[in-house]
Amino acid sequence: MDQHEFVTLVAPFKDKVFRLAKRLLVSTEEAEDATQEVLVKLWNKNNSLEAYSSVEAFAMTITKNYCLDQLKSKRAGNLKIVHNNFTDRQPSLQQQLEDSDSLSWVERVINTLPEQQRLIVQMRDIEQYEFEQIAKILEMNETAVRVALSRARKTIRTYMTKTHSYGIG
Amino acid sequence: MESDKIETLIEKYFQGETSIAEEKQLQDYFSAPNVAQHLEQYQPMFAYFSQTRQQQFTQAVPLQTKKRNVAWLSVAASVVVLLGVGTYVYMNDNSSREETMGTYDDPEVAFRQTQKALAMLSAHVNTGIEGVQYLKEYEVAKDKVFRK
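No experiment lies behind these values; they were computed from the predicted model shown.

Asks: Would you mind going over helix 2 (residues 28-45) of chain A in detail, with residue names and values included?
Replies: Residue and element names in this part refer to chain A. With 18 residues, helix 2 should cover 26 Å at 1.5 Å per step; its first-to-last C-alpha distance of 26 Å lies within 8% of that length. Regarding helix 2, the residues found buried are Glu30, Ala31, Glu32, Ala34, Thr35, Val38, Leu39, Val40, Leu42 and Trp43. Two to three positions downstream of the cap, the backbone nitrogen of Glu29 sits 3.4 Å from a side-chain oxygen, assigning the N-cap of helix 2 to Ser27.

So this is what it looks like as structure tokens:
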């Protein structure tokens, strides 16, 4: 496979890899590094890629493992790195602010979930994978995926209801 | 879409039992402007999902052929080193051979060259001595002070 073929093969799912990495690692820069790392790994496997039934699922599995490794190595170290995105929030109208605030609330709630639930929410609700694919990527069975997903969604709901009706009830 | 149908879908959704198609229905419902008031609390969730889906990986795909480059570099480097060592050894060889063979074949020329070399040497030695001449002044001055 030459570079051009590889780029066209990778193009449809490289954003998904990035978003999954960002879900786990939180910081954009870390996620970009992870994505590049994953793509390099794929490129190095170049010749054996045809053997995989779904390169995308394979890439997602690599991403998951890579990011979990990253997190583990960071945690093992003495320094705890808190990932943040140091972007300046553009000042905006009241409503926009309110909207983005409730959206960032959702993000914050999702990021407090356990890693596995985060992965599942990311793949189901954002990337819209079928349960079968998720089970394959995460090396779990489908029922477990459903249960974890349900739990994650309910956690998000609890938080959202709490913030939504804050000061009312 | 009627909100009671959405409500049942939402219930299914939180049980993790909706299909992709049903979840898309929910997405569509919540991204439309007229969401029923009691369902508004779920809106940010779905808005966040569809917003996050837009995120893109903006970096270039790192398709370097690093490995091959490194290999070529090492080959090039070793060639340069070999050439360097080779020429050094070759030059050394040449100069040592010249030394052993002697520099001049003609005795006349050799004599003249030797004379020149000796003249140069003595001239330099003389300049050195001139420099030392000053020391004599000290000697004289010292004798004046410490008369014996």
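Asks: Quick one: what's the story with the packing of helix 1 (residues 3-14) of chain B against helix 2 (residues 20-31) of chain B, residue by residue and with numbers?
Replies: Relative placement of two packed helices is described by the angle separating their axes and the distance separating the axes. Residue and element names in this part refer to chain B. Where helix 1 meets helix 2, the axes come as close as 10 Å, and the angle between the chain directions of the two elements is 125°. Classed by the angle they form, the pair helix 1 and helix 2 counts as oblique. Classified by chirality, the crossing of helix 2 by helix 1 is left-handed. From helix 1, Ser3, Lys5, Ile6, Leu9, Ile10, Lys12 and Tyr13 reach across to helix 2, where they touch Glu22, Glu23, Gln25, Leu26, Tyr29 and Phe30. A class-by-class count of the residues in the contact of helix 1 with helix 2 yields seven nonpolar, two polar and four charged.

Asks: How would you sum up a nonpolar patch on the surface? Please name residues and give values.
Replies: Taken together, the side chains of Trp72, Val75, Val79 and Leu83 of chain B present a nonpolar region at the surface, about 430 Å² in accessible area. Summarising the element assignment, Val79 of chain B is placed in helix 4 (residues 66-101).

Calculation rules
- Residues numbered from 1 in each chain as written.
- Chains lettered and ligands numbered in written order.
- Predicted model: local features only at pLDDT ≥ 70, side-chain atom pairs only at ≥ 80, totals over all residues.
- Heavy atoms only, no water.
- Helix = DSSP H or I, 4+ residues; strand = E, 2+ residues; numbered from the N terminus.
- Expected span 1.5 Å × (residues − 1).
- Buried < 20%, exposed > 50% of the residue type's maximum accessible area, 1.4 Å probe, protein only.
- Polar contact = N/O pair within 3.5 Å; in protein donor to acceptor, adjacent residues only side chain to side chain.
- Axes fitted to C-alpha atoms, helices over the stretch in contact; angles between N-to-C directions.
- Parallel < 35°, antiparallel > 145°, perpendicular 65-115°, else oblique.
- Left-handed = near helix turned anticlockwise from the far one by under 90°.
- Contact = heavy atoms within 4.5 Å.
- Nonpolar A, V, L, I, M, F, W, Y, C, P; charged D, E, K, R; others polar.
- Patch = residues over 30% accessible without salt bridge, like charges linked within 9 Å, V, L, I, M, F, W, Y side chains within 5 Å.
- Areas by Shrake-Rupley, 256 points an atom, 1.4 Å probe, with all protein chains shown as cover.
- Salt bridge = Lys/Arg side-chain N within 4 Å of Asp/Glu carboxyl O.

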